[in-house]
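# What the coordinates show
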Amino acid sequence: MKEPDRAQRRDAILDAATAILREKGYRDTTMLDIARRVSASKETLYAWFGSKSGLFQAVIRRNADTVRTVLEAHLDGDAPVAEALADVGRALAGLLLGDGAVAINRAAISEARSDPELARILVETGREATLPFFVRYLERCRERELLDFDDPWEAAETFLGLLLGDKQIRRLLGVVDAPDAGEIETRARQAAIRFLRLHGCKALSGRY
């Protein structure tokens, strides 16, 4: 199989896995279910991903890559801080409040006691693989005297809190729907503005 075709096929498998996860939960999702959904053999899935946990690790890694790509671009770029923070906010809110991530988080929580593997994968492949890039970006801004804070990890957590509020919890509880593009845009821009009020260097406020 040619590489572009393989990548497209892989994405289709990951999409199917996410869809079935939303329908059935992690425990009741099987490799056979996923294989049938994409008209593939179960052997192909095992050859590509190794196991069900390996397949969902690939789902989580793909999700994290969408955010990391944005962060890496700003690590090497010179966009105004407010613009960069809003870009990061859009990527994070779109991911963390979307149906796929909510389904994965629900599954990790529900299986945490009996089978903590998915929760471990979610933390290691998702948050711990992505947040350090944001911390590095914040540190770079502090070095350029664009931001002012003591602890970059605490500052990163502050931004996430401003961005998500209690929306992620309410999504996990199923009491609110996924935000549309307009809400994501508003959340991202407001989080950037509020973060700069807390941590922006006042002497340089006109440069954001």
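Scroll up for the structure.
All of these numbers come straight from a predicted model, not from anything done at the bench. (Residues numbered from 1 in each chain as written. Predicted model: local features only at pLDDT ≥ 70, side-chain atom pairs only at ≥ 80, totals over all residues. Heavy atoms only, no water.)

## Here we look at the packing of aromatic side chains
For clarity, the cut-off: The rule is short: rings of Phe, Tyr and Trp, with Trp giving its six-membered ring, pair when the centres are within 6.5 Å, and they are stacked under 30 degrees, edge-to-face over 60, tilted in between. To qualify as a helix, a DSSP run of H or I must reach at least 4 residues; to qualify as a strand, a run of E must reach at least 2; elements of each kind are numbered from the N terminus. When a residue's accessible area, from a 1.4 Å probe over protein chains only, is under 20% of the maximum for its type it is buried; when over 50% it is exposed; and in between it is partly exposed.
Counting across every chain of the model gives 4 aromatic pairs. Measuring from ring centre to ring centre gives 5.4 Å for Tyr26 and Phe56, while their planes differ by 70 degrees; the resulting arrangement is edge-to-face. Residue Tyr26 is located in the loop between helix H1 (3-24) and helix H2 (31-37), and its partner Phe56 is located in helix H4 (residues 52-75); the two are separated by 30 residues in the primary sequence. Note on Tyr26: relative accessible area 5%, which makes it buried. For the ring pair Phe134 and Phe159, a centre distance of 5.3 Å and an interplane angle of 55 degrees mean the geometry is tilted. Remark: Phe159 occurs in helix H8 (residues 152-164) and Phe134 occurs in helix H7 (residues 117-143); sequence separation between them is 25 residues. Taking the relative accessible area as the measure of exposure, Phe134 reaches 2% and is therefore buried. Ring pairing ties together the aromatic residues Phe134, Phe159 and Phe195, which thus form one cluster.

## Concerning a nonpolar patch on the surface
In plain terms, the rule: Distance thresholds for patches are 9 Å for like charges and 5 Å for nonpolar side chains (Val, Leu, Ile, Met, Phe, Trp, Tyr), applied to residues having over 30% relative accessible area and no salt bridge. Per-residue and other accessible areas were derived by the Shrake-Rupley procedure at a 1.4 Å probe size, with only the shown protein chains allowed to occlude residues. We count a salt bridge whenever a side-chain nitrogen from Lys or Arg sits within 4 Å of a carboxyl oxygen from Asp or Glu.
A cluster of nonpolar side chains, namely Ile169, Leu173 and Val175, defines an oily patch on the protein surface of about 330 Å² accessible area. Its place among the elements puts Val175 in the loop between helix H9 (167-173) and helix H10 (181-199).

## What about the pattern of salt bridges?
Here the structure, examined in full by the defined rule, presents 19 salt bridges. Here Lys167 and Glu183 are joined by a salt bridge, their closest N and O atoms 3.1 Å apart. On the criterion of sequence distance, the pair formed by Lys167 in helix H9 and Glu183 in helix H10 is long-range, its members being 16 residues apart. The partly exposed category is assigned to Glu183, whose relative accessible area is 26%. Across the pair Arg187 and Glu183 runs a salt bridge, and its minimum N-O distance is 3.2 Å. One end of the pair is Arg187 and the other is Glu183, both in helix H10 and 4 residues apart, which spans about a single turn. Each of Asp87, Arg90, Glu185 and Arg189 takes part in salt bridges that share partners, so that together they form one network.

## Topic: the packing of H4 against helix H5 (residues 81-96)
Note the threshold: Every axis corresponds to a line fitted to the C-alpha atoms, with the helix fit spanning only the stretch in contact, and the corresponding angles, defined between N-to-C directions, vary from 0 to 180 degrees. Comment on the angle field: the value is read as roughly parallel under 35 degrees, roughly antiparallel over 145, roughly perpendicular from 65 to 115, and oblique elsewhere. Here, two residues are considered to be in contact whenever any of their heavy atoms come within 4.5 Å of each other. Put simply, Ala, Val, Leu, Ile, Met, Phe, Trp, Tyr, Cys and Pro go in the nonpolar bin, Asp, Glu, Lys and Arg in the charged bin, and everything else, Gly too, in the polar bin.
For the pair H4 and H5, the least separation of the axes is 9 Å and the interaxial angle reads 180 degrees. For the element pair H4 / H5, the angle class is roughly antiparallel. When H4 is examined against H5, the residues Asn63, Val67, Val70, Leu71 and His74 are found in contact with a partner set consisting of Ala84, Asp87, Val88, Ala91, Leu92 and Leu95. Residue classes in the contact of H4 with H5 are distributed as 8 nonpolar, 2 polar and 1 charged.

## What to know about the nonpolar core
Going by this rule: Working definition of a nonpolar core: buried Ala, Val, Leu, Ile, Met, Phe, Trp, Tyr and Cys residues. They are joined through side-chain atoms within 4.5 Å.
Ranked by internal contacts, the top residues of the largest apolar core, which has 35 residues, are Val81, Leu85, Phe134, Tyr137, Leu138, Leu147 and Phe159. Secondary-structure elements contributing two or more residues to this core are H4, H5, H7, H8 and H10. It is H5 that provides the largest number of residues to this core, a total of 9 residues. Each residue touching Leu138, except ones within four places of it in the same chain, is listed here: Leu85, Leu147, Phe149, Pro152, Ala155, Ala156 and Phe195. Ranked by size, the runner-up nonpolar core spans 25 residues in total, among them Phe49, Leu55, Phe56 and Leu122.

## Section: the side chain of Thr125
In plain terms, the rule: In the analysis that follows, any N or O atom pair within 3.5 Å is treated as a polar contact, provided that within protein one partner can donate a hydrogen and the other can accept it, and provided that, for residues neighboring in sequence, both atoms belong to side chains.
Structurally, the position occupied by Thr125 is in helix H7. According to the relative accessible area criterion, Thr125 is buried, its value standing at 8%. Looking at Thr125, its side chain comes within polar contact range of the side chain of Gln57, at 3.3 Å. Other than its neighbours up to four places away in sequence, Thr125 contacts Gln57, Ile60, Arg61 and Ala64.

## A closer look at the packing of H5 against H7
Two quantities define a packed helix pair, namely the angle between the helix axes and the distance between the axes. It is the contact of H5 with H7, at a shortest axis distance of 12 Å, that shows an interaxial angle of 175 degrees. The orientation of H5 relative to H7 falls into the category roughly antiparallel. Contact residues: H5 offers Val81, Ala84, Leu85 and Val88, while H7 offers Phe134, Tyr137, Leu138 and Cys141. Here the residues of the contact of H5 with H7 sort into 8 nonpolar, no polar and no charged.

These results come straight from atomic positions and should not be treated as a statement about function.
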